[in-house]
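Summary of the model geometry
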Amino acid sequence: MSDNRLGWMLDQAVQDVPHARDAILFSADGLLIAHTSGLHRDNAEPLAAGLSASAALARRNSGFTDQGQRIWRQSIDEYDAGYRLLIAAGPGALLAVTAKPEVNLGDLTYRLQKLVQRVGQELTSPPRQDVGP
């Protein structure tokens, strides 16, 4: 079970982009790591599980492109009520964000790439060791 210690980073990211709604950070196998404060954990957990399957499908279908490496990086789904972005966020981690139709997708994807860099560092940072007597 997650303690949501990275939730503040997700909150900041969606607050910095007008019309962004909520975000979740989760493992590739669908376990919730963090979520924005506006999204209740009971709603975030099943989203993480379902979106991990979407990411697996996207990775599996990356062979559709014939040029270069076939590594899936992100997906953007459009709905009547807005967008959902699903992004690889480091080894074994994924980030999903929802936004209203009015969002500037360029601004949002830029901000999310910056967030992925920060989150990746947090996820791979070794735990601090007690130093001193």
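Okay, so let's go over this structure. Just so we're clear, the structure is a prediction, and the values are computed from it rather than from any experiment. (Residues numbered from 1 in each chain as written. Predicted model: local features only at pLDDT ≥ 70, side-chain atom pairs only at ≥ 80, totals over all residues. Heavy atoms only, no water.)

Describing the sheet that holds strand S4 (residues 82-88)
What counts is decided by this rule: Any two strands are treated as partners once DSSP identifies two or more bridges connecting them. Helix and strand definitions follow DSSP, with helices as H or I runs of at least four residues and strands as E runs of at least two, each counted in order from the N terminus. Where helices are involved, their axes are fitted lines through C-alpha atoms of the stretch in contact, as for all axes, and angles between N-to-C directions lie from 0 to 180°. By definition, residues are in contact when any of their heavy atoms lie within 4.5 Å.
Read across the sheet, five strands follow the order S2-S1-S5-S4-S3 without closing on themselves; strand pairing throughout is antiparallel. Every interior strand has two partners, whereas the edge strands, strand S2 (32-35) and strand S3 (74-79), have only one. Across the sheet, the mean angle from the axis of one strand to that of its neighbour is 15°, orientation sign disregarded. In this sheet, S4 lies alongside S3 in antiparallel orientation, the contact comprising six bridges. For Gln74, the partnering residue across the bridge sits in S4 and is Ile87. Across the sheet, helix H1 (residues 7-15) is in contact with strand S1 (20-27), S2 and strand S5 (93-99); its angle to S1 comes to roughly 150°.

Structural notes on the nonpolar core
What counts here: Here, nonpolar core means buried Ala, Val, Leu, Ile, Met, Phe, Trp, Tyr and Cys residues that are tied together by side-chain atoms lying within 4.5 Å of each other. Three labels apply to residues, based on accessible area from a 1.4 Å probe with only protein chains included: buried if under 20% of the type maximum, exposed if over 50%, partly exposed otherwise in between.
Of all hydrophobic cores here, the largest spans 24 residues; its most connected members are Leu10, Leu25, Leu95, Val97, Leu108, Leu112 and Leu115. At the level of secondary structure, the elements contributing two or more residues to this core comprise H1, S1, S4, S5 and helix H3 (105-124). Examining the composition of this core, we find that five residues originate from one element, H3, more than from any other. With near-sequence residues (within four places) excluded, Leu112 lies in contact with Leu85, Ile87, Leu95 and Val97. In this structure, Leu32, Ala44, Leu51 and Leu86 belong to the second largest nonpolar core, which totals 13 residues.

Concerning the pairing of S2
Taken together, the three bridges between S1 and S2 define a ladder with antiparallel strand orientation. Across the sheet, Leu25 pairs through a bridge with Ala34, a residue of S2. Hairpin connection of S1 to S2: four residues between the antiparallel strands, including Gly30 at a positive phi of 90°.

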